[in-house]
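# Residue-level structural notes
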Amino acid sequence: MSGDRGAAARAGSAAVTPLQRQLRAVPVRTRASPLDALTVALRWFRAGRRIDIQALAKELGISRVTLHRWVGTRDQLLVEVLWLTADRALAAVWDTVRDEGPAHSLTAETLSRWAADVLLHPGFRRMQADEGELLARLLTREASEFQSRLIGLVTTMLTHDVETGRVTIDLEPAELAYATVRIAESFVHTPAITGGEPDPERNARVLRALLR
């Protein structure tokens, strides 16, 4: 019997591949990370699900205290989610517009298409319907990280337009970017500002008239 047990042990040892040995040597990560928190929050936003700190902490298997230490307040987490969503979408639209090569402002075309897409985004639509004032505050307040980042990005776009002769208005790109962002915001956040409905076509007409 002892010989049989020894043969079985040798057979089991021989069945372990080099890759399995390496995997066994790597400790299994049992705790979530700050990146996991952002990833889940982004997934919820894309699906139109409310980003709730308590629910997110439970999903990650951590305490609210730990989650707050990682992401700050709910508002701060929402800004990061909103910015990553916007930044990726704007980059994709900009690449498409640039490849098309229109004679007029690439910035006007990019922001016009992006604003129209934003109004159809499940996460944005849910927030605009349920937390419209909060959404407008997070996106439009001058102290907001979102606002400063968006103006910086639009400044870069407008610099390209000016250098390629698509925009000839006599303003510095940074000054023009501020005005451009404010115009786009006024149309996107119409429900929170005036109670009316967003009008992406009107937004496009105004941006194209300004940026030329």
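Treat the numbers as computed from the prediction; the structure is a model and nothing was measured.

Moving on, we get to the confidence of the model for the protein. Mean pLDDT over the protein stands at 88; residues scoring 70 or higher make up 86%. Predicted confidence for residues 7-13 stays below pLDDT 50, and this span has 0 contacts to residues more than four positions away or in other chains.

Scanning the model with the defined rule gives 1 aromatic pair in all. Positioned above the aromatic ring of W44 is the side chain of R49, whose terminal nitrogen or guanidinium carbon lies 3.6 Å from the ring centre.

Take the pattern of salt bridges next. Inspection of every chain in the model, using the stated rule, returns 14 salt bridges. The salt bridge partner of R126 is E131, with a shortest N-O separation of 2.8 Å. Put simply, R50, D52, R74, R126, D130 and E131 are held in one network by salt bridges that share partners.

Generally speaking, nonpolar side chains in soluble globular proteins are found buried as a group. Formed by 52 residues in total, the largest nonpolar core has its most connected members in I51, L56, L60, L67, L77, F146 and L150. Per-element accounting of this core gives the leading share, 11 residues, to helix α6 (residues 74-100).

We now examine the layout of surface pockets. The computed volume of the largest pocket comes to approximately 310 Å³. Counting only elements with at least two residues in the lining of the largest pocket, the list comes to α6, α7 (106-118), α10 (145-163) and α11 (173-188). With 5 residues, α6 is the single largest residue contributor to the lining of the largest pocket. Residue composition of the lining of the largest pocket, by class: 14 nonpolar, 3 polar and 2 charged. Its volume calculated, the second largest pocket comes out at about 190 Å³. In terms of lining residues, the second largest pocket is bounded by D75, Q76, V79, E80, R137, L138, R141, A143, S144 and E145. Broken down by element, the residue count for the lining of the second largest pocket peaks at 4 residues, all from α6.

Now for the environment of G123. Here G123 shows up in helix α8 (residues 122-130). Sequence spacing of G123 and A47 is 76 residues, and the spatial spacing of their C-alpha atoms is 6.3 Å. In contact with G123, other than residues within four places in its own chain, are F45 and G48.

Cut-offs applied
- Residues numbered from 1 in each chain as written.
- Predicted model: local features only at pLDDT ≥ 70, side-chain atom pairs only at ≥ 80, totals over all residues.
- Heavy atoms only, no water.
- pLDDT = per-residue confidence, 0-100.
- Contact = heavy atoms within 4.5 Å.
- Phe/Tyr/Trp six-rings, centres within 6.5 Å; stacked < 30°, edge-to-face > 60°.
- Lys NZ or Arg CZ within 6 Å of the ring centre and 35° of its normal.
- Salt bridge = Lys/Arg side-chain N within 4 Å of Asp/Glu carboxyl O.
- Core = buried A, V, L, I, M, F, W, Y, C linked by side-chain atoms within 4.5 Å.
- Buried < 20%, exposed > 50% of the residue type's maximum accessible area, 1.4 Å probe, protein only.
- Helix = DSSP H or I, 4+ residues; strand = E, 2+ residues; numbered from the N terminus.
- 1 Å grid on protein atoms, 1.4 Å probe; cavity = no way out; pocket = protein on both sides within 12 Å on 5 of 7 lines; lining within 4 Å.
- Points joined across faces, edges and corners; volume = space filled by probe spheres on them.
- Nonpolar A, V, L, I, M, F, W, Y, C, P; charged D, E, K, R; others polar.

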